[in-house]
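Each chain, letter by letter, is given below.
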Amino acid sequence: MTQSILHWISESITRKIGGLSTLLLSFIFVVIVYSIVKLTQIGAEMREVAEIDIPLTEVIAEIEVLQLQKHILFEKLRLGRDAQLAAAVIKPQLAAFMDHGVQLSRQVEKAEQLIHRGLSTAQIAEEVAEHKRVLSAIEHFQILRQEYLQKAGELFNKPEAETAAANWLRLETLDEQLDSLAERLLLDIEALTEDIAKNAERHEQEFFIVNTSLGVSAFLIGIYVTWYIIRSFRRRLGYIQTQIARLNQSLAPAPKEPGEDEPQRGQDELSELARDVQQVVERFSSEMVNRHEMEKQLIQLATTDKLTGAFNRHKWEDCLAMELEYGRRGVPVHLLMLDLDHFKAINDNHGHDVGDQVLQQAVKLLKEHVRQSDSLFRLGGEEFALLFRQHDSQDVLAIAEKIRLLFETDKVPGLPYFTASLGLTRFLPQDDRESFIKRADQALYRSKQDGRNRVTVL
Ligand SMILES: Nc1nc2c(ncn2[C@@H]2O[C@H](COP(=O)(O)OP(=O)(O)OP(=O)(O)O)[C@@H](O)[C@H]2O)c(=O)[nH]1
């Protein structure tokens, strides 16, 4: 699975960059999600600290002070009782003690309400069981305090009653119980608030460490991704540029247009590469045009007679083979052989150059009066051949006659009068190359025999 993913990614640079960017973005996404979760958690803890623990700590401090005051008041009561002070003296002390008890109860209630509210609004998210245990301890404390205050009240109202001694004893026992209970309770609450504060602090530190390391990792990954992308591009661009430079050198130097400046350097590697590629493409296209032109010229040289511009013998062989193929398939194919009359005499009387001009004039006349598709060949000396495809025999005969007449009546200043003898034949089903040519030759020979300047059909 991992292998195939890596293979898929390495297949294109877009995928590589996309893959690395996705990795980086995923990492940053994880960092953001982690930060949000942690910050929410720390926020909740801070709220708990601010709204529950700090007020709770204040209440505890208050209770501690009240407890101390209670000790003093209780001691005063004890001393008064031991000294058997008059009821009038003890009563105000008892009143102060009772009043103090009410204050203490209020503070304990306050603590109870704070924990209650924290639990019911889920503000207290940690050590819930501990908080609940503290709550039930507070309830127990309050019950004892109720009894405690009741006994104190009885003593206050009936200091001389028979039950006063027993009440006093009970009050003392309750006082001890309440003291130890209050002490435990305060310690428990203190421990809870301390734990929560410590937890919040620990989470803050964790958040700082983890977020810093994640941030540093994201930064390093970002640097690596950037470095990797730049390196990949530079390597590939460098390679392509080298190849293009080599290709440029291997091509013939491009002809420089007058006033043409050196190509401007690109603004960056990519624009430089684009400029190099453009140059190579231009060189290639001009090279292709030249090559095409050269090929055309070579083909023309290889297939055309230099003097007259008619097709040469080489082309004749190719075209004849093709026309014979058509003939074998039943397409009407005609061959017209043409030979200038007494050409030797023209050469002898007017010179070789004039003879050449006569040959050129003959080809000019032929080209003007036959279709492009009807190929004209110079087979040698003053002998020419014309191949006609898809013509009626009568039409070809008419063309041959027209050519003969053209030559006969053609008058060009500076050129002697000249005529031509023509032999015409049609490809027959039983024909092969030799028999077909031979019959045309025979027809031409017959025209010569019969006095020249005529057309013979065989
Ligand atoms: N000027 C010129 N003469 C050529 C060329 N090729 C061949 N010849 C001449 O053409 C002449 C052909 O003469 P012959 O074969 O005797 O034929 P002819 O004189 O036309 O006589 P008939 O064909 O019987 O009418 C020769 O003298 C060749 O030297 C050429 O390219 N230019």
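What this report covers is the structure whose coordinates are included nearby. (Residues numbered from 1 in each chain as written. Predicted model: local features only at pLDDT ≥ 70, side-chain atom pairs only at ≥ 80, totals over all residues.)

Things to note about the overall build of the protein
Looking only at helices and strands, the protein features 11 helices and 5 strands. When contacts within the protein are restricted to residue pairs at least 6 apart in sequence, long-range pairs at least 24 apart make up 71% of them. (Helix = DSSP H or I, 4+ residues; strand = E, 2+ residues; numbered from the N terminus. Contact = placed C-beta atoms within 7 Å.)

Overview of helix α5 (residues 164-250)
Helix length check: α5, at 87 residues, gives a terminal C-alpha distance of 125 Å against a target of 129 Å (1.5 Å per residue), a fit within 8%. Buried within α5 are the following residues: Leu171, Leu178, Ala182, Leu185, Ile189, Leu192, Ile196 and Ala200. (Expected span 1.5 Å × (residues − 1). Buried ≥ 20, exposed ≤ 12 C-beta atoms within 10 Å, placed from the backbone.)

Quick word on the site of the ligand
Taken together, 15 residues sit near the ligand, with Asp341, Phe343, Lys344, Gly355 and Gly381 positioned nearest. Elements represented by at least two residues in the shell around the ligand include exactly β1 (333-340), α8 (343-350) and α9 (352-369). No other element matches α9, which puts 4 residues into the shell around the ligand. When grouped by side-chain class, the residues that make up the shell around the ligand number 4 nonpolar, 5 polar and 6 charged. (Near = placed C-beta within 6 Å. Nonpolar A, V, L, I, M, F, W, Y, C, P; charged D, E, K, R; others polar.)

Observations concerning the packing of α8 against α9
Where α8 contacts α9, the two axes come as close as 6 Å, and the packing angle between them is 135 degrees. By the angle between their directions, the pair α8 and α9 is classed as oblique. The residues of α9 that touch α8, namely those facing Phe343, Ile346, Asn347 and His350, are His352, Val354, Gly355 and Val358. When the residues that make up the contact of α8 with α9 are grouped by side-chain class, the tally is 4 nonpolar, 4 polar and no charged. (Axes fitted to C-alpha atoms, helices over the stretch in contact; angles between N-to-C directions. Parallel < 35°, antiparallel > 145°, perpendicular 65-115°, else oblique.)

Things to note about the nonpolar core
Counting 37 residues, the largest nonpolar core has Leu336, Met337, Phe384, Ala385, Leu386, Ala400 and Leu422 as the members making the most contacts within it. Taken together, the elements giving at least two residues each to this core come down to α7 (313-328), β1, α9, β2 (375-380), β3 (383-389), α10 (393-409), β4 (420-426) and α11 (433-449). When residues in this core are grouped by element, the largest group, 6 residues, is from β1. Within the second largest apolar cluster, 28 residues are counted, among which are Leu56, Ile115, Leu192 and Ala200. (Core = buried A, V, L, I, M, F, W, Y, C linked by C-beta atoms within 7 Å.)

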